[in-house]
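Per-entry structural report
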Amino acid sequence: MPCAANSLLNEEGIPVVCETDIHGAISALLVEAAALDGTRSFFADWTVRHPDNENGELLQHCGPWPLSVAAQKPTIGYPLAFDHPGAVEAQAKLGNLTLARFDGDNGAYSLLLGRAKGIEGPYTKGTYVWVEVENLKRLEAKLVEGPYIHHCVGIHKDVVPVLYEACKYLKITPDLYDPIEEEVKAYLRGETV
């Protein structure tokens, strides 16, 4: 099982993602570079809606998240799809997050990004966090209409303005899933927001 080893590598700042998702690794590099302080990111699947929160969603994966992302000491367990141990199991810390996904289609690249908040939710296997966004249906429309796949990267820091500005120099289209573009631009101009 590579999951626990992937977790340790991610903790060291070497982005390891699952399912040969190169754009996921690029997403991790972008958000960690935007943090500028060694805050580690986590690689997740968009999975299911929260049972009680209409704007809540489960971010989860088999167990590759850095240990420093965990709310409490992680354990080693069995990932959902396998019958032998080797995956880290832990709920991530709650609180403010940035979620991002770099992807492209036919040579046109964009960066889906926005803010979320880690919230309480039911226990699940692997590494996971329930998140709340301003409008889940608006975010889901962006995921369905693409070019994004079922993975994203999260980080416990607001790096939305940094990523938004970086898109300009990387020639990537910023794709905010909430209508916060004017707020981000005001922040970048140095205005109080």
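See the structure above.
Below is a short write-up of the structure. (Residues numbered from 1 in each chain as written. Predicted model: local features only at pLDDT ≥ 70, side-chain atom pairs only at ≥ 80, totals over all residues. Heavy atoms only, no water.)

Quick word on the pairing of strand β7 (residues 127-132)
Two faces belong to every sheet, and in a regular strand the side chains alternate between them. Applicable threshold: The classification of residues rests on relative accessible area computed with a 1.4 Å probe and restricted to protein chains. Under 20% of the type maximum is buried, over 50% is exposed, and intermediate values are partly exposed. Going along the chain from the N terminus, every DSSP run of H or I of four or more residues is numbered as a helix, and every run of E of two or more is numbered as a strand. A pair of strands is labelled paired if DSSP reports no fewer than 2 bridges between them.
Of all six residues in β7, five are buried, a share of seventy percent or more. Where strand β2 (residues 56-61) meets β7, six bridges bridge the pair, whose relative direction is antiparallel. Considered in β7, the bridge of G56 is made with E132. The pairing of strand β4 (residues 87-91) with β7 spans two bridges and is parallel. Across the sheet, the residue bridging to A90 is T127, located in β7. As paired elements, strand β6 (residues 108-119) and β7 share three bridges and run antiparallel to each other. In the sheet register, G118 faces β7, and the bridge partner there is V131.

Section: helix α1 (residues 3-11)
Rules: In this description, one arc is meant: the one made by directions from the helix axis to the C-beta atoms. Two residues qualify as a contact provided that any one of their heavy atoms is within 4.5 Å of a heavy atom in the partner residue.
Along α1, the residues that are buried comprise C3, A4, N6, S7 and N10. What you see down the axis of α1 is that its buried residues fit within an arc of 160°, all on one side. In this fold, the buried residues of α1 make contact with β3 (75-77) and β4. Within two residues after α1, G13 carries a phi angle of roughly 90°, on the positive side.

Considering the state of the cysteines
The cut-off we apply is this: Defined by distance alone, a disulfide is two cysteine sulfur atoms within 2.5 Å.
Applying the stated criterion to the full structure yields zero disulfides. In this structure C62 is not part of a disulfide, and its nearest cysteine sulfur, from C3, lies 3.1 Å away. As a non-bridged cysteine, C167 has C152 as the owner of its nearest cysteine sulfur, 16 Å distant.

Things to note about the packing of aromatic side chains
This is how the line gets drawn: Working definition: a ring pair exists when centres of Phe, Tyr or Trp rings (six-membered ring for Trp) sit within 6.5 Å. Plane angles under 30 degrees give stacked, over 60 give edge-to-face, the rest tilted.
Overall, the coordinates contain three aromatic pairs when judged by the stated rule. Consider the rings of F42 and W65, whose centres lie 4.4 Å apart with planes at 40°: the pair is tilted. With F42 in strand β1 (residues 41-49) and W65 in the loop between β2 and β3, this residue pair connects regions lying 23 residues apart in the sequence. Here the two residues F42 and W65 agree in accessibility, since each one is buried. Centre to centre, the rings of F102 and Y109 are 5.3 Å apart; their planes meet at 5°, and the pair counts as stacked. The exposure class assigned to F102 is buried, which follows from its relative accessible area of 7%. Judged by relative accessible area, Y109 falls into the partly exposed class, the value being 37%.

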